[in-house]
Amino acid sequence: MKFARGLSASALLALLMSSQASLSHADAQAGAAIAKNGTGAVSACMQCHGANGEGQAAAGFPRLAGQNKDYLVKQLTDFKAKLRKNPLMGPIANTLGLAQINDVADYYASLPPWKAGSNPVPVTPQTTHGAQLAHQGNWDKGMPACFACHGVDGSGIPPHFPSIAGQNATYIANQLNEWKAGTRINDPDGLMKAVADKLSAEDIRAVSAYLANPK
């Protein structure tokens, strides 16, 4: 079968696939430019999220590298729509168009995800407790395991459940406390609010410490 100007079906399919791949590459490149240089209205993402999307643990800025694209798009659009509130991210997201949001998400999703280091992390009562919450939950309180929704290895299930393995402890603790306080509400069906309400302050510290470097 031949198409217009003698282009075969197989050649047309190859051309379409090549064009799609180029478009994705261009999107990631555009996102990289925003991440590294910002736009005329906002600063570079890397100023807070690190040169390679690794985040800043001490300040609680999250790791974005390797995070799933659909989740990142949802969070940026939620910031833009004021469904998720943050004094830094709200104004930034508000200046970005939908194409820019997709570009930035595409770029960060393309970066290498977190991997466990070669040096073993000391096992403490706190990390042991955190591991139990992450892998088994606490059914005495009716609380499922973190990995029941976030994937067996914490790598995430888009678009609602982000990768949490290797995310810094300060960020995770801050988000759990925001859900517990009702100041973050953009989770599906109030699921995270229901989980956070069952967590004690000790639980939050323990699971946050464990997820920062799970094994």
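Structure: see above.
Since the structure is predicted, the reported quantities are computational estimates derived from the model, not experimental observations.

The terminal C-alpha atoms of helix α3 (residues 69-80), which comprises 12 residues, lie 16 Å apart, in line with the 16 Å expected from a rise of 1.5 Å per residue. Regarding α3, the residues found buried are Tyr-71, Leu-72, Val-73, Lys-74, Gln-75, Leu-76, Asp-78 and Phe-79. Packed against the buried residues of α3 are α4 (89-95) and α5 (98-110).

The next point concerns helix α8 (residues 169-181). Taking 1.5 Å per residue, 13 residues should reach 18 Å; α8 reaches 18 Å between its end C-alpha atoms and fits that length. All of the buried residues along α8 are Tyr-171, Ile-172, Ala-173, Gln-175, Leu-176 and Trp-179. Tucked into the core, α8 has its buried residues touching α9 (191-197) and α10 (201-211). Its side-chain oxygen placed 3.3 Å from the backbone nitrogen of Thr-170, Asn-168 serves as the N-cap of α8. Phi turns positive one or two residues past the end of α8, at Gly-182, with a value near 80°.

Between α3 and α5, the shortest axis-to-axis distance is 8 Å and the interhelical angle comes to 140°. Remark: the crossing between α3 and α5 carries right-handed chirality. Residue-level contacts link Lys-69, Leu-72, Val-73, Leu-76, Thr-77 and Lys-80 of α3 to Leu-98, Ile-101, Asn-102, Ala-105, Asp-106, Tyr-108 and Ala-109 of α5.

Cys-45, Tyr-107 and Tyr-108 are the most contacted members of the largest nonpolar core, which has 19 residues in total. Secondary structure elements with two or more residues in this core: α1 (9-37), α3, α4 and α5. Looking at which element gives the most residues to this core, the answer is α5, with 5 residues. Setting aside anything within four residues of it in sequence, one finds Tyr-107 in contact with Ala-28, Gly-31, Ala-32, Ala-35 and Lys-36.

Thresholds, definitions, all that
- Residues numbered from 1 in each chain as written.
- Predicted model: local features only at pLDDT ≥ 70, side-chain atom pairs only at ≥ 80, totals over all residues.
- Heavy atoms only, no water.
- Helix = DSSP H or I, 4+ residues; strand = E, 2+ residues; numbered from the N terminus.
- Expected span 1.5 Å × (residues − 1).
- Buried < 20%, exposed > 50% of the residue type's maximum accessible area, 1.4 Å probe, protein only.
- Contact = heavy atoms within 4.5 Å.
- Polar contact = N/O pair within 3.5 Å; in protein donor to acceptor, adjacent residues only side chain to side chain.
- Axes fitted to C-alpha atoms, helices over the stretch in contact; angles between N-to-C directions.
- Left-handed = near helix turned anticlockwise from the far one by under 90°.
- Core = buried A, V, L, I, M, F, W, Y, C linked by side-chain atoms within 4.5 Å.

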